[in-house]
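# Close look at the chain arrangement
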Amino acid sequence: MTRLIDDHRFTSDQERARRIGALRSAMVAHGLDALVIAGRDDIRYRGRVFYLTDYWQLFADSHVVLTHTAAPILVGGTVWGVSQARQSDWLADCRISGTPGIEIANILTDQRLADGRIGIVGLHDGGMAFSHYTEIAHALPAAELSDATELFESCRQINSREAIAAMEDTSACWNSIYTELERHVVPGITELQLAAQAHRICREHGVRDPMVALDSTPFKGATSFGTRKRIEFGDVVTVWIESAGPNGTWLEYRRMYSLGPVPPKYRDAWQVYTAAHQAGVAALRPGAMASEFVERVANVFRCAEIELDYSSADDKHRSFHLHGIGTDAIQGVWVSGNDRVLVENEIVNVHPHRLFRTEQETADFGIFGLTDNIRVTPEGGRWMTNDQQLDAAFIEL
């Protein structure tokens, strides 16, 4: 794999050609003359532009225009600018505009596609701002604009060996981070102090913009980024880090710690959780529906008289239990919600949530469990960070 991260290069020439080629083939299949790919400062959308350009967007909006013949053209916003984008050799041109829809229309007109069939990635899922879409529509009244989000996500769903290697590098990075962090998980440290150490270590490892969720027993029942509570001997602590690693690919990973011997109720629960996850991960094979993971986890939980925060019977979607992950934190597929067929070497992230019936259950197990990236293989899903050793995610200190 080509490693030119310091020069704002994250992918090889072969990988860039593969991605552009796949998108252009999909454009032919759908009768499209061009794609407009929208990115926003959201962990669901910013990676769409990065996937096609190596341009890492932190703030505001950016857009890429891709035709059948020209290299990608980027239209950056005035907040973040395009200085970083100019370091990439993917792009034919970088432009900056406070009215990106008008600039996109100018590019398409220059490409003689003012009356063409234009697919817009992000039109129907929030990736494209309505104001920018209306700018395009008003500037190109003869063009046929349609949603191309699923077209794009179907291409991004397929990972090359290089893309998988990048995800494996991110997993190795997280293992190093947690190993370094563990010497700070000691009685007397506050949750905020531990979260600060996690942020520091992440940044020193080159992690982009780490989100650290942290909690200790009794769990608070809602996402916590740490409080002034002191962690004491006998507590169970959760550290959950979600971000893009140094190479721009995402990992959402959780590790549990027991300060002192693991209490029996947590050891018993861990056995149930790992059995349920393993049953669900075994279903992650090419051709399977993503929702099969949820059903298998739910079956194991039911046998232990635990209920998932999910109900397939009445089709109520309460929580994400699985979602795609790669150049975005959430991409392509998720359940409960946007279910679809899995493909070989697709990467998903799993973190099924149990339903709590009492305040005591919440205090005991509110943020307790497993989270990791999983690669879809013909033999079933493969854990990418723990490498099948799930006890490595619950450590007695």
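The rules behind the values
- Residues numbered from 1 in each chain as written.
- Predicted model: local features only at pLDDT ≥ 70, side-chain atom pairs only at ≥ 80, totals over all residues.
- Heavy atoms only, no water.
- Patch = residues over 30% accessible without salt bridge, like charges linked within 9 Å, V, L, I, M, F, W, Y side chains within 5 Å.
- Areas by Shrake-Rupley, 256 points an atom, 1.4 Å probe, with all protein chains shown as cover.
- Salt bridge = Lys/Arg side-chain N within 4 Å of Asp/Glu carboxyl O.
- Buried < 20%, exposed > 50% of the residue type's maximum accessible area, 1.4 Å probe, protein only.
- Core = buried A, V, L, I, M, F, W, Y, C linked by side-chain atoms within 4.5 Å.
- Contact = heavy atoms within 4.5 Å.
- Phe/Tyr/Trp six-rings, centres within 6.5 Å; stacked < 30°, edge-to-face > 60°.
- Helix = DSSP H or I, 4+ residues; strand = E, 2+ residues; numbered from the N terminus.
- Polar contact = N/O pair within 3.5 Å; in protein donor to acceptor, adjacent residues only side chain to side chain.
- pLDDT = per-residue confidence, 0-100.
- Pairing = 2+ DSSP bridges.
- Axes fitted to C-alpha atoms, helices over the stretch in contact; angles between N-to-C directions.

### Considerations on a nonpolar patch on the surface
Judged by side-chain polarity, Phe59, Val79 and Trp80 come together as a nonpolar surface patch covering roughly 290 Å² of accessible area. Judged by relative accessible area, Phe59 falls into the partly exposed class, the value being 41%.

### What to know about the nonpolar core
Counting residues in hydrophobic clusters, the biggest one holds 60 residues, and the most contacted among them are Trp174, Leu194, Val239, Leu284 and Phe368. Excluding residues that lie within four positions of it along the chain, Val239 makes contacts with Tyr178, Leu181, Leu194, Val212, Ala213, Leu214, Tyr253, Arg254, Arg255 and Tyr257. Counting residues in each nonpolar core, the second largest holds 24 residues, with Leu35, Leu66, Val121 and Phe152 among its members.

### Considering the packing of aromatic side chains
Taken as a whole, this structure holds 13 aromatic pairs when the rule is applied. Consider the rings of Phe50 and Trp56, whose centres lie 5.6 Å apart with planes at 85°: the pair is edge-to-face. Residue Phe50 is classed as buried on the basis of its relative accessible area, which comes to 3%. Looking at Trp56, the relative accessible area reads 6%, which means it is buried. A ring pair is formed by Phe368 and Phe394, whose centres lie 5.5 Å apart and whose planes are at 85°; its orientation type is edge-to-face.

### Some words on the side chain of His184
Among the secondary structure elements, His184 is positioned in the loop between α6 (161–181) and α7 (191–204). Once residues lying within four places of it in the same chain are set aside, the contact partners of His184 are Ile189, Leu194, Gln197, Arg200 and Ile201.

### Here's the deal with the side chain of Asp328
Tracing the sequence through the fold places Asp328 in the loop between β10 (322–324) and β11 (331–335). From its side chain, Asp328 meets the backbone nitrogen of Tyr45 in a polar contact 3.5 Å long.

### So, unusual backbone geometry
Backbone torsion omega between Thr217 and Pro218 reads -5°, so that peptide bond is classified as cis. Inspection of the secondary structure puts Pro218 in the loop between β7 (211–216) and β8 (236–244). Each neighbour pair has its own omega, and for Val335 with Ser336 the value is 5°, a cis peptide bond. Inspection of the secondary structure assignment puts Ser336 in the loop between β11 and β12 (347–350). For Arg112, which is not glycine, the phi torsion reads 60° and is therefore positive. Checked against the element boundaries, Arg112 lands in the loop between α3 (100–110) and β5 (117–121). Here Arg112 falls in the exposed class, since its relative accessible area comes to 78%. Phi angles above zero are rare outside glycine, and Glu305 is one such case at about 60°. Among the secondary structure elements, Glu305 is positioned in the loop between α9 (291–303) and β10.

### Description of the confidence of the model for the protein chain
Residue-level pLDDT values for the protein chain average 92, and 96% of them are 70 or greater. Predicted confidence is poor over residues 1–5, with pLDDT under 50, and the contacts of this stretch with residues over four places away or in other chains come to 14 contacts.

### Thoughts on the sheet that holds β7
Paired through backbone hydrogen bonds, the strands of a sheet run either parallel or antiparallel to each other. Strand order in the open sheet formed by four strands is β7-β8-β9-β15, with mixed pairing between adjacent strands. Edge positions in the sheet fall to β7 and β15 (394–396), since each of these pairs with one other strand and no more. The average undirected angle you get between the axes of adjacent strands in this sheet is 20°. Here β7 runs beside β8; their pairing, made up of six bridges, is antiparallel. The partner of Met211 across the bridge, within β8, is Glu242. Strands in contact with α7 are β7 and β8; relative to β7, the strand with the most contacts, it is inclined by about 150°.

### Section: the environment of Ala137
As for its position among the elements, Ala137 is in helix α4 (residues 130–139). Given the relative accessible area of 24%, Ala137 is considered partly exposed. As a C-alpha pair, Ala137 and Arg267 span 130 residues in sequence and 58 Å in three-dimensional space.

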